[in-house]
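# A look at the structure
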Amino acid sequence: MSKISDDIISHLPFGEGFTFVDNITRVDLEGVVGQYTFSGNEFFFKDHFPGKPTAPGSIMIEVAGQIGVVCYFIYYMMTEKGITDFSKMKPVFSESQILFLKPIFPGDTVTVKSKKIYFRLKKMKCYIEMTNKQDDVVCKGHLSGIYLQA
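For the structure given in this document, a descriptive report is provided here. The structure displayed is predicted, hence computed values, not measured ones.

## Quick look at the sheet that holds strand E5 (residues 123-131)
Ordered in space as E1-E2-E4-E5-E6-E3, the 6 strands form an open sheet in which the pairing is antiparallel. The two strands at the open ends of the sheet, each matched to only one other strand, are strand E1 (23-28) and strand E3 (89-100). Ignoring which end each strand starts from, the neighbouring axes of this sheet average 20 degrees apart.

So this is what it looks like as structure tokens:
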């Protein structure tokens, strides 16, 4: 899986400080599974919350969206459409319905499991579950994104 994981990650449109994908461990036409480890050096931990740093919900959604929607989109476009140049394709977050169940702290590794609900008319909707290393669900729900030609 390392080659396809590296290929997908190399096409992510985010800068180094805003890429929240370490690896992809499974991907097929039904969904994707990947991980990210919160090092504690991320920009948001300093002020959210001083003395008890916790990942903001918006960042949890970003991690889930990057792994569960954007990585899946890249895989789909590479394997089903033969696309290798993603420079003109930009993901745009369009909808979330997420339930937050547990916090994430510096040092935590999360696994995102995404299952495609649909992908049509450039819109993808997925069911997402994010778990911690104890396999507790930290958040779950639906995320959607659309992909625009830049």
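## Considerations on the nonpolar core
Residues Phe 38, Val 63, Phe 73, Ile 74, Ile 104 and Met 130 are the most contacted members of the largest nonpolar core, which totals 41 residues. Among the elements of the structure, E1, strand E2 (31-37), helix H2 (57-81), E3, strand E4 (109-120), E5 and strand E6 (137-149) are those that each provide at least two residues to this core. At 15 residues, H2 tops the list of elements feeding residues into this core. Among all residues touching Phe 38, those that are not within four sequence positions of it are Phe 44, Phe 45, Ala 55, Ile 59, Val 63, Ile 104, Phe 105, Pro 106, Gly 107, Asp 108 and Val 110.

## Regarding the pattern of salt bridges
Using the criterion set out here, one finds 4 salt bridges in the structure. Notably, a salt bridge pairs Arg 26 with Asp 28, separated by 3.0 Å at the nearest N-O pair. Arg 26 sits in the partly exposed class, given a relative accessible area of 36%. With a relative accessible area of 29%, Asp 28 lands in the partly exposed category.

## Regarding H2
Over its 25 residues, H2 extends 33 Å from the first C-alpha to the last, a length consistent with the 36 Å expected when each residue adds 1.5 Å. Roughly 35 degrees is the biggest bend found in H2, and it falls at Gly 65. Among the 25 residues in H2, 18 count as buried, and that is most of the element. Positive backbone phi, approximately 70 degrees, marks Gly 82, located one or two places after H2.

## With respect to unusual backbone geometry
Between His 48 and Phe 49 the backbone carries a cis peptide bond, its omega angle lying at 0 degrees. Its place among the elements puts Phe 49 in the loop between E2 and H2. For Lys 122, which is not glycine, the phi torsion reads 65 degrees and is therefore positive. The topology assignment puts Lys 122 in the loop between E4 and E5.

Rules behind the numbers
- Residues numbered from 1 in each chain as written.
- Predicted model: local features only at pLDDT ≥ 70, side-chain atom pairs only at ≥ 80, totals over all residues.
- Heavy atoms only, no water.
- Pairing = 2+ DSSP bridges.
- Helix = DSSP H or I, 4+ residues; strand = E, 2+ residues; numbered from the N terminus.
- Axes fitted to C-alpha atoms, helices over the stretch in contact; angles between N-to-C directions.
- Core = buried A, V, L, I, M, F, W, Y, C linked by side-chain atoms within 4.5 Å.
- Buried < 20%, exposed > 50% of the residue type's maximum accessible area, 1.4 Å probe, protein only.
- Contact = heavy atoms within 4.5 Å.
- Salt bridge = Lys/Arg side-chain N within 4 Å of Asp/Glu carboxyl O.
- Expected span 1.5 Å × (residues − 1).
- Bend = angle between axes of the 7 residues up to and from the residue.

Keep in mind these numbers describe shape, not what the thing actually does.
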